[in-house]
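# Fold and contact review
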Amino acid sequence: MRLDLNDVRRAVIVAPHPDDEIIGAAGLIQALRRRGSGVWVVVVSDGAASHPGSRTWPAARLIAARERESRHALRRLGIRSDRVTFLGLPDGGLMAEGYPCRERLHRALRKHLGIDLLVGPAATDAHPDHRAVAAALGGFRFGGRRLTYQVWPPQKRMAARSRTVSIPGGAAAKRALIRVHRSQLGAITDDPHGFSIARHELAVFSHPVERFLPVRR
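A brief look at the structure comes next. Quick caveat: nothing in here was measured; it's all calculated off a predicted structure.

Time to look at the overall build of the protein chain. Helix and strand counts for the protein chain come out as 6 helices and 7 strands. Overall, the protein chain shows an N-to-C arrangement of helices and strands of β-α-β-α-β-α-β-α-β-β-α-α-β. Here the C-alpha radius of gyration of the protein chain, 16 Å, is about what a compact globule of 217 residues would show, namely 17 Å. The principal-axis extents of the C-alpha atoms in the protein chain amount to approximately 50 × 40 × 30 Å. At a minimum sequence separation of 6, the contacts of the protein chain that also span at least 24 residues come to 81%. If you average the places of the 36 positive and of the 19 negative side-chain charges in the protein chain, the two averages end up 7 Å apart.

What follows is the structure, given as C-alpha cells:
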C-alpha cells in the first residue's frame, strides 16, 4: 500500500549513522519535499567506527568526511545544511551509551515544534546502534505519526502492512545518492577490516521502492 503523505507538513527523519537517512528514506524525503513539507534530519552517531584501523583516515578525518557526504546527498534532495543535525555520539556505542543517546536525541527532537511525522530505524534492525535509536525514539512523547525503516539485514520485503514510497528515477537515482557516501563504498583502502557496502547490499539498498512500517501507539 502506498504511503499517504497528504497530512504531513513537518517531518523529522532520524538516522543512526550518516548514510542511513539515504538508504532508508531518500524516496520519502524527496516525496515530502515535492509536496512542500518541511523536512529535518537528525544523524545520531559520528560514523567513526567504519574504519578503525585506517592510518590515513583517523577518526577526525572520517567523521568530517561522513558529515560532508550526508550533507551533499541531502542537498540533492533539497535539504539545506541548516536542517541537518549531527549529534556526534560514538559510532558502535549507542547501545552502551543508552542514556546519553536517549537524552541527546530527545533534546534535539524537542527543538522541532509542530512536527506531525517522525521516522526512524526499526526496533528489529540487526544493527545494535539502530536498535538503540529505535528504543530512544520509542520513549519520546509525540502525538503525530511514526514510521520505521529497516536497513540491516538488507531486504526487499517487509511485513504485509508496510507502506511504500517510490523514488523518481528508480534504482539508478537511489544508487547515485548512496554512492555519494564514498567512504562506505571502498574509497578507504588501508584498513583490511574496514566496512564497505558489498555489491549485493548496494543492489538491495538501491531498490526504487522504500518500505515503512507504521508504529502503533
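Strand order in the open sheet formed by 7 strands is β3-β2-β1-β4-β5-β7-β6, and the pairing between neighbours is mixed. At either end of the open sheet lies a strand with only one pairing partner, and these are β3 (84–89) and β6 (163–166). When strand polarity is set aside, the average angle formed by the axes of neighbouring strands in this sheet is 25 degrees. Alignment of β6 against strand β7 (residues 209–214), held across 4 bridges, turns out to be antiparallel. From the neighbouring strand, S166 faces β7, where its bridge partner is V209. Docked against the sheet, helix α2 (residues 59–76) engages β2 (38–45) and β3, running at close to 160 degrees with respect to β3.

As a further point, take the packing of aromatic side chains. With the rule as written, the count across this model stands at 2 aromatic pairs. Taking 6.0 Å as the distance between ring centres and 80 degrees as the angle between the ring planes, the aromatic pair formed by W152 and F195 counts as edge-to-face. One end of the pair, W152, is in the loop between β5 (145–149) and β6; the other, F195, is in the loop between α5 (170–179) and α6 (199–205), and 43 residues separate them in sequence. Summarising the aromatic geometry, the rings of W152 and F205 are spaced 5.2 Å apart at their centres and angled 85 degrees between planes, so their arrangement reads as edge-to-face.

Cut-offs and rules
Residues numbered from 1 in each chain as written. Predicted model: local features only at pLDDT ≥ 70, side-chain atom pairs only at ≥ 80, totals over all residues. Heavy atoms only, no water. Helix = DSSP H or I, 4+ residues; strand = E, 2+ residues; numbered from the N terminus. Rg over C-alpha atoms; globule rule 2.2 N^0.38 Å. Contact = heavy atoms within 4.5 Å. Lys, Arg positive; Asp, Glu negative; His and termini not counted. Charge placed at Lys NZ, Arg CZ, Asp CG, Glu CD. Pairing = 2+ DSSP bridges. Axes fitted to C-alpha atoms, helices over the stretch in contact; angles between N-to-C directions. Phe/Tyr/Trp six-rings, centres within 6.5 Å; stacked < 30°, edge-to-face > 60°.

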